[in-house]
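An overview of the molecular structure
Single-letter residue listing:
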Amino acid sequence: MNATTKLSEKFQISVPKEVRERQGWKAGQEFAFIPQGNGVMLVPVPKLDELRGIAKGANKDGYRDRNDRY
């Protein structure tokens, strides 16, 4: 896939259809721009209910608490 787009005069970017479909992105979805070198990575921001349970079974040993900060 080699999809390209242009930055509009209003500094907006349209995501090509093949990219949206391949990633499963929907209208109204929120994204974060993460700087990386000379570019940026576009990452969908997960909703709270999508994050529930992702740390289930995680080892809590060695967890830093706020009490160990200055």
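Residues numbered from 1 in each chain as written. Predicted model: local features only at pLDDT ≥ 70, side-chain atom pairs only at ≥ 80, totals over all residues. Heavy atoms only, no water.

Of regular secondary structure, the protein chain possesses 2 helices and 2 strands. Across the protein chain, helices and strands are ordered from the amino to the carboxyl terminus as α-β-β-α. The principal-axis extent of the C-alpha atoms belonging to the protein chain is close to 50 × 30 × 25 Å. Considering only contacts within the protein chain whose residues lie at least 6 apart along the sequence, 0% involve residues at least 24 apart. A total of about 7300 Å² of accessible surface is found on the protein chain, and carbon and sulfur atoms cover 50% of it. (Helix = DSSP H or I, 4+ residues; strand = E, 2+ residues; numbered from the N terminus. Contact = heavy atoms within 4.5 Å. Areas by Shrake-Rupley, 256 points an atom, 1.4 Å probe, with all protein chains shown as cover.)

The next subject is a nonpolar patch on the surface. On the surface, L7, F11 and I13 cluster together into a nonpolar patch covering about 370 Å² of accessible area. Residue position: L7 is located in the segment before helix 1 (17-23). (Patch = residues over 30% accessible without salt bridge, like charges linked within 9 Å, V, L, I, M, F, W, Y side chains within 5 Å. Salt bridge = Lys/Arg side-chain N within 4 Å of Asp/Glu carboxyl O.)

Summed over all chains, the structure comprises 1 salt bridge. One salt bridge connects E21 with K17, and the closest N-O pair in it is separated by 3.8 Å. Placement of the pair is E21 and K17 together in helix 1, with a separation of 4 residues, close to one helical turn. A residue is classified by how much of its surface remains accessible, and E21, at 55% relative accessible area, is exposed. Assessed through its relative accessible area of 52%, K17 is described here as exposed. (Buried < 20%, exposed > 50% of the residue type's maximum accessible area, 1.4 Å probe, protein only.)

Turning our attention to the confidence of the model for the protein chain. On average, residues of the protein chain carry a pLDDT of 87, and 91% of them reach 70 or more. Element-level pLDDT for the protein chain is lowest in helix 2 (residues 48-51), with a mean of 84, against a maximum mean of 95 in strand 1 (residues 31-36). (pLDDT = per-residue confidence, 0-100.)

With that settled, consider unusual backbone geometry. In the Ramachandran plot, F11 falls in the positive-phi region, its phi being about 60 degrees despite a non-glycine side chain. Mapped onto the secondary structure, F11 falls in the segment before helix 1. By relative accessible area, F11 is classed as exposed at 67%.

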